[in-house]
Number of protein chains: 2
Amino acid sequence: MHNKNCIMRLSRYRSALTNLKLLNFNRVFSDNLADAAGATSAQVRKDFSIFGLAGNRRGGYLVDELIAQLDKILGKDKVQKFILVGAGNMGKALMNYPGFEKNSIRIIAAFDIDQTKLAPNAGTPVLPLEQVKDFIAKNSVQFAIICVPVLAAPQVSEILLSAGIRGILNFAPIRLKDREGCVIENINLVTELENIIYFVKALDSTNA
Amino acid sequence: MHNKNCIMRLSRYRSALTNLKLLNFNRVFSDNLADAAGATSAQVRKDFSIFGLAGNRRGGYLVDELIAQLDKILGKDKVQKFILVGAGNMGKALMNYPGFEKNSIRIIAAFDIDQTKLAPNAGTPVLPLEQVKDFIAKNSVQFAIICVPVLAAPQVSEILLSAGIRGILNFAPIRLKDREGCVIENINLVTELENIIYFVKALDSTNA
DNA sequence: AAATGCTTGTGAATATTTTCACAATAATTA
DNA sequence: TAATTATTGTGAAAATATTCACAAGCATTT
């Protein structure tokens, strides 16, 4: 099993490649790609060699072929079904995020405890949370996104994991713990902004 | 200057501490905190020693004191002003995200090119993008969040940086490059989900 | 067809990060 | 007050990750 940063980079390479493809690139060199993906050329080549992605010496890499190979590695050769819990502002924004559909990621339903948020007939239906367990089983869903308030997040996570969800992206500002055979990724927006604030201030005090 | 992961962890410790404080903890030990923040106790102590955060041997750390010290390090002792560009679904969700105000992060205005999205008199005003440069200067804004479509993102970034913005959180799925003295953090939602998909599948094939 | 130039692929070297392990020491108990 | 116990703080060791540097090899030029 390979490390998280490495897989993140593969995914960034893929994203950069799709952008380069729109600019009519047929081939890329490791340094083009490094530049577009925020890495170094040696890193790109090393990552590729780990996964057996080969180019041509002097000829670089074929964009289409590389995207296809990365798709395979990243499980993008077929559509991946997600559910979402918490149809608040953030939840709704994610339900409508155009990047997902384009990238074989489909949010097939959302769930909420708030009656006023329900919309069982919408394009992406919003259903009562008590139906989530059945829904997961019936539709063989493996992946979920949590967008509920911090206090509800641990319970929701527990429900999802016990219903068979294997991978969770959590936006609630509390670190959810995974269990054997499951993966939880936590995005804490405040933390991300604090990081930026810190480094801007650090730059100031270095130059002062 | 310290490394990104380390600062991220400090920020997570802070987040975990505020959660622990709600549970009436006065003191924490490095292993409590590690557990809550997803780290190891040795890591917590090492990080703290780098920043001169001291506890009591056998007595652990005082929660309030630690939060105050972390606030200082992370620039949370005063409100940090942000602007946001791109008042679409995601942009609006972030404008209403309750975690920011609680954490001394204030989005003071949003900007868009789409006339129909403007709302100059809203709580957080949504203004025409052409006003952004003046606004940044007049209000001494250092930080921005980009929530525009991928094709617009590089231009918007250029405008913001040349207007004096020093730190950007970018949600557009393209890696924006910083310039001297600036910090750009990129969050690519597709990449995050791909990571989860990969590791769930990796677990399956390991156990198969 | 040989020479040249450019880019890959990768082992070795370097750098960074994390973990270990234990002396120092504060709280608690006897 | 002395003994015991629990936890910090931190060098040293181990593990990981990144970069270097260059032989191998393809494309282009001469």
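A brief look at the structure comes next.

Parameters at a glance
- Residue indices begin from 1 for each chain and proceed along its sequence in written order.
- Chain A is the first chain written and ligand 1 is the first ligand written, with later ones labelled in order.
- Per-residue local features of the predicted model are confined to residues with pLDDT of at least 70, and side-chain atom pairs are confined, for both listing and counting, to 80 or more; whole-chain, interface and lining totals are unaffected and use all residues.
- Hydrogen atoms and water are omitted, and side-chain values are computed over all heavy atoms in the structure.
- We call a residue near a molecule or strand when any one of its heavy atoms sits within 4 Å of it.
- Here a polar contact is recorded for every N or O atom pair within 3.5 Å, except that within protein the pair must consist of a potential hydrogen donor and a potential acceptor, and residues adjacent in sequence are included only if both atoms are side-chain atoms.
- Here the nonpolar group is Ala, Val, Leu, Ile, Met, Phe, Trp, Tyr, Cys and Pro; Asp, Glu, Lys and Arg are the charged ones; every other residue, Gly included, is treated as polar.
- Per-residue accessibility, obtained with a 1.4 Å probe over protein chains only, is compared with the maximum for each type, and a residue is labelled buried under 20%, exposed over 50%, and partly exposed between these values.
- To qualify as a helix, a DSSP run of H or I must reach at least 4 residues; to qualify as a strand, a run of E must reach at least 2; elements of each kind are numbered from the N terminus.
- What the arc covers is the set of directions going from the helix axis to the C-beta atoms.
- Contact between two residues is taken to exist if any of their heavy atoms lie within 4.5 Å; hydrogens are not considered.
- Accessible-area loss on putting two parts together, using a 1.4 Å probe and summing over both, is the definition of buried area adopted here.
- The salt bridge definition used is simple: a Lys or Arg side-chain nitrogen within 4 Å of an Asp or Glu carboxyl oxygen.
- At least two bridges found by DSSP between two strands are what make those strands a pair.
- Angles here are taken between N-to-C directions and fall from 0 to 180 degrees, while the axes themselves are lines fitted to C-alpha atoms, restricted in helices to the stretch in contact.
- Roughly parallel here means an angle under 35 degrees, roughly antiparallel means over 145, roughly perpendicular means 65 to 115, and every remaining angle is called oblique.

### Some words on the protein's contact with DNA strand C
Phase 1: Lining the immediate surroundings of DNA strand C are 21 residues, of which S30, R45, G55, R57 and R58 of chain A lie closest.
Phase 2: When the atoms of DNA strand C within 4 Å of the protein are grouped by moiety, sugar and phosphate amount to 60% of the total.
Phase 3: Here a phosphate oxygen of DNA strand C and a side-chain polar atom of T40 of chain B are 3.2 Å apart.
Phase 4: Between DNA strand C and Q43 of chain B there is a distance of 3.2 Å, counted from a phosphate oxygen to a side-chain nitrogen or oxygen.
Phase 5: Residue composition of the surface near DNA strand C, grouped by class: four nonpolar, eight polar and nine charged.

### Points about helix α4 (residues 63-73) of chain A
Three or four residues apart is the spacing at which side chains of an α-helix point the same way, because the helix has 3.6 residues per turn.
Residues and elements named next belong to chain A.
Phase 1: Along α4, the residues that are buried comprise V63, L66, I67, L70, D71 and I73. In an axial view of α4, the angular spread of the buried residues amounts to 160°, which keeps them on one side of the axis.
Phase 2: A positive phi of about 70° marks G75, the residue just after α4.

### Quick word on the interface of chain A and chain B
Phase 1: In this complex, chain A contributes 67 residues to the contact, which on the side of chain B involves 67 residues.
Phase 2: Buried surface at the junction of chain A and chain B, both sides included, amounts to about 6,200 Å², of which 68% is carbon and sulfur.
Phase 3: It is L193, E194 and Y198 of chain A that lose the most area in chain A upon contact with chain B, and together they represent 11% of the buried surface on that side.
Phase 4: A salt bridge links K76 of chain B to E194 of chain A, with the nearest nitrogen and oxygen atoms 3.0 Å apart.
Phase 5: At the boundary of chain A and chain B, one finds eleven residue pairs in polar contact (both at pLDDT 80 or more).
Phase 6: Take the side of chain A that touches chain B: its biggest share by element is 16 residues, from helix α9 (residues 189-207) of chain A.
Phase 7: Taken together, the residues that form the side of chain A that touches chain B break down as 36 nonpolar, 18 polar and 13 charged.

### Things to note about the sheet that holds strand β7 (residues 167-170) of chain A
Residue and element names in this part refer to chain A.
Phase 1: Strands sit in the order β5-β4-β3-β6-β7-β8 across an open sheet of six strands; the sheet is parallel. With partners counted over all chains shown, the strands left at the sheet margins are β5 (126-128) and β8 (183-186), one partner each. Taken over all neighbouring pairs, the strand axes of this sheet differ in orientation by 25° on average, direction set aside.
Phase 2: In the sheet, strand β3 (residues 80-85) pairs with strand β6 (residues 143-146) via four bridges, with the strands oriented parallel. Within β6, the position partnered with F82 by the bridge is F143.
Phase 3: Those strands touched by helix α7 (residues 132-139) are β3, β4 (105-112) and β5, and its axis lies near 155° from that of β4.
Phase 4: Against the sheet, helix α8 (residues 153-162) engages β3, β6, β7 and β8, with an angle of about 170° to β6.

### Side note on the protein's contact with DNA strand D
Phase 1: The environment of DNA strand D is made up of 21 residues, and the closest members are S30, R45, G55, R57 and R58 of chain B.
Phase 2: Contact between DNA strand D and R9 of chain A: a phosphate oxygen at 3.2 Å from a side-chain N or O atom of the residue.
Phase 3: Between DNA strand D and R57 of chain A there is a distance of 2.8 Å, counted from a base nitrogen to a side-chain nitrogen or oxygen.
Phase 4: Those elements that provide at least two residues to the surface near DNA strand D are α3 (41-50) of chain A together with α3 (41-50) of chain B.

### Quick look at the sheet that holds strand β5 (residues 126-128) of chain B
One key point about sheets: their strands pair by backbone hydrogen bonds, in either a parallel or an antiparallel sense.
All names here are of chain B.
Phase 1: If you trace the six strands from one edge of the open sheet to the other, you get β5-β4-β3-β6-β7-β8, paired in parallel fashion. Looking along the sheet, the strands with just one partner apiece sit at the ends: β5 and β8 (183-186). Taken over all neighbouring pairs, the strand axes of this sheet differ in orientation by 25° on average, direction set aside.
Phase 2: Here three bridges tie strand β4 (residues 105-112) to β5, and the two strands are oriented parallel to one another. What sits directly across from D112, in β5, is P128.
Phase 3: Seen against the sheet, helix α7 (residues 132-139) touches β3 (80-85), β4 and β5 and runs at an angle of roughly 155° to β4.

### Things to note about the packing of helix α1 (residues 4-22) of chain B against helix α2 (residues 30-37) of chain B
Residue and element names in this part refer to chain B.
Phase 1: Running from amino to carboxyl end, α1 crosses α2 at an angle of 105°, the nearest separation of the two axes being 9 Å. By the criterion of interaxial angle, the relationship of α1 to α2 is roughly perpendicular. Contacts from R12, Y13, A16, L17 and L20 of α1 reach α2 at L33, A36 and A37.
Phase 2: Among the residues forming the contact of α1 with α2, the class breakdown is seven nonpolar, no polar and one charged.

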